[in-house]
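A structural walkthrough
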Amino acid sequence: MLYKYSTLQPKDVEYLTFILRNGIVTHKQVMLKFQENHVNQAYRRLQKLTNQGYLVNKRIASRLGVYYATTEARQQVEAEVTVPKSVSLNTAQHTLLLTDLLLFYEYQFKQKGIPFSYHTERELRYRIVGQGSNQEKLRNYNNRRDRIPDALFFVKRSDDSVNRIWIELELTKKENKRYRDKFRMFERVLSEGEYDNVFYFTHTGHIRNTINRMSSDLSNGHRILVKDIPDAILNDKWEEVTNVGTSDGESGTTAK
């Protein structure tokens, strides 16, 4: 973007781009992403962007406040993402945990010197839903929502090829019919080489068992892996990630 005669500075655009890509973020997630020297640096910048109308700051629980970007921010940054119109605690939990997951792996791969990038659900949804009226966009989304991953990971292998991983964060068990339909789609896209792996992240045994059972009947079922949501995320032990890493490991992350 053109910065001359603009109220935005390059660091402002970095903040807005991160928030736009992820949809909803907390102040702590911003701190983890940008590693500011002092907590007040992030607060001041977030407050400035809120006052300028580029961000909305909303408290969705007694001890949980979040930020999300406005359509004005999307226009300024020229980001191709969908923008949330409202935020509630029910919808925010999945989004915030997914952002934690992205930050976790970004740190993990950086520490190992492995090139890593990702696409967020909001970026992917924008491409699939497209332009047009709100009714058209809603119809496109409803018709293809199971074709939109929660995220896509791109991990460079030692031979310089890229492992393309479909990411699902599963917090609640779905109906068996929905799993059957989705896993038929997984079988197809894995067979056609559109993706290399599917990773399901969950925190409950019964979801893990369901996914393992569903994938066992597929010829590509061995490429659908279930992983625990990292303890560093669930118990807020980010110092283990940002300083010395964790013992969670990356088994399967570079699977062929």
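Structure report, in brief. None of these values were measured; they are calculated from a predicted model. (Residues numbered from 1 in each chain as written. Predicted model: local features only at pLDDT ≥ 70, side-chain atom pairs only at ≥ 80, totals over all residues. Heavy atoms only, no water.)

A closer look at the environment of V30
Looking at where V30 falls in the secondary structure, it is placed in helix α2 (residues 27-34). Separated by 16 residues in sequence, V30 and L46 have C-alpha atoms that sit 9.1 Å apart. Once residues within four sequence positions are removed from consideration, V30 is found in contact with Y15, F18, V25, Q35, A42 and L46. (Helix = DSSP H or I, 4+ residues; strand = E, 2+ residues; numbered from the N terminus. Contact = heavy atoms within 4.5 Å.)

As for the packing of aromatic side chains
The relative placement of two aromatic rings is captured by the distance of their centres and the angle of their planes. On inspection of all chains with the given rule, the structure shows 16 aromatic pairs. With a centroid separation of 6.1 Å and 80 degrees between ring planes, the pair formed by F186 and Y200 is classed as edge-to-face. Placement of F186 in helix α8 (residues 176-191) and of Y200 in strand β6 (residues 197-202) is noted, with a sequence separation of 14 residues between them. The pair F186 / Y200 is uniform in exposure class, with both members buried. (Phe/Tyr/Trp six-rings, centres within 6.5 Å; stacked < 30°, edge-to-face > 60°. Buried < 20%, exposed > 50% of the residue type's maximum accessible area, 1.4 Å probe, protein only.)

As for the packing of helix α1 (residues 10-22) against helix α3 (residues 39-51)
Running from N to C, α1 and α3 point in directions that differ by 80 degrees, and their axes come no closer than 11 Å. Overall, the two elements α1 and α3 adopt an arrangement that is roughly perpendicular. Across the interface between the two elements, K11, D12, Y15, L16 and I19 from α1 touch Q41, A42, R45, L46, K48 and L49 from α3. Partitioning the contact of α1 with α3 into residue classes produces six nonpolar, one polar and four charged. (Axes fitted to C-alpha atoms, helices over the stretch in contact; angles between N-to-C directions. Parallel < 35°, antiparallel > 145°, perpendicular 65-115°, else oblique. Nonpolar A, V, L, I, M, F, W, Y, C, P; charged D, E, K, R; others polar.)

Topic: the packing of α8 against helix α9 (residues 205-216)
The contact between α8 and α9 brings their axes to 10 Å, and the two run at 45 degrees. Between α8 and α9, the angle falls in the class oblique. Crossing hand, α8 versus α9: right-handed. Residues N176, Y179, R180 and F183 of α8 touch α9, and the partners they reach there are I207, T210, I211, R213, M214 and S215. Residue composition of the contact of α8 with α9, by class: five nonpolar, three polar and two charged. (Left-handed = near helix turned anticlockwise from the far one by under 90°.)

Examining the sheet that holds β6
Across the sheet, which stays open at both edges, the five strands sit in the order β3-β4-β5-β6-β7 with mixed pairing between neighbours. For this open sheet the edge positions go to β3 (116-120) and β7 (224-228), each flanked by a neighbour on one side alone. Averaged over neighbouring strand pairs, the angle between their axes works out to 25 degrees when direction is ignored. Here five bridges tie strand β5 (residues 162-169) to β6, and the two strands are oriented parallel to one another. (Pairing = 2+ DSSP bridges.)

Brief notes about unusual backbone geometry
For E78, which is not a glycine, the phi torsion comes out positive at approximately 60 degrees. Along the chain, E78 falls in the loop between α4 (71-77) and α5 (89-112). Phi is positive for D160, close to 75 degrees, though the residue is something other than glycine. Here D160 is to be found in the loop between β4 (151-156) and β5.

Here's the deal with the side chain of E121
With respect to the helices and strands, E121 occurs in helix α6 (residues 121-129). Of the residues examined, E121 reaches a relative accessible area of 16% and is grouped as buried. Once residues lying within four places of it in the same chain are set aside, the contact partners of E121 are I148, P149 and D150.

Looking at the pattern of salt bridges
One pass over the structure, following the stated rule, counts 16 salt bridges. With a closest N to O distance of 2.3 Å, R184 and D181 form a salt bridge. Separated by three residues within a single helix, R184 and D181 lie in helix α8, roughly one turn from each other. The class for D181 is partly exposed, based on a relative accessible area of 30%. (Salt bridge = Lys/Arg side-chain N within 4 Å of Asp/Glu carboxyl O.)

Focus on the pairing of β5
Judged by how many residues are buried, β5 sits mostly within the fold: six of eight residues are covered. Relative to β5, β4 runs antiparallel, the two being bridged by six bridges. Its bridge partner lying in β5, V155 is registered against N163. Hairpin geometry of β4 and β5 is characterised by an intervening segment of five residues between the two adjacent antiparallel strands and by a positive phi of about 75 degrees at D160. With α8 bridging β5 and the parallel β6, this β-α-β connection has right-handed handedness. (Right-handed = clockwise from strand over helix to strand, strands pointing away.)

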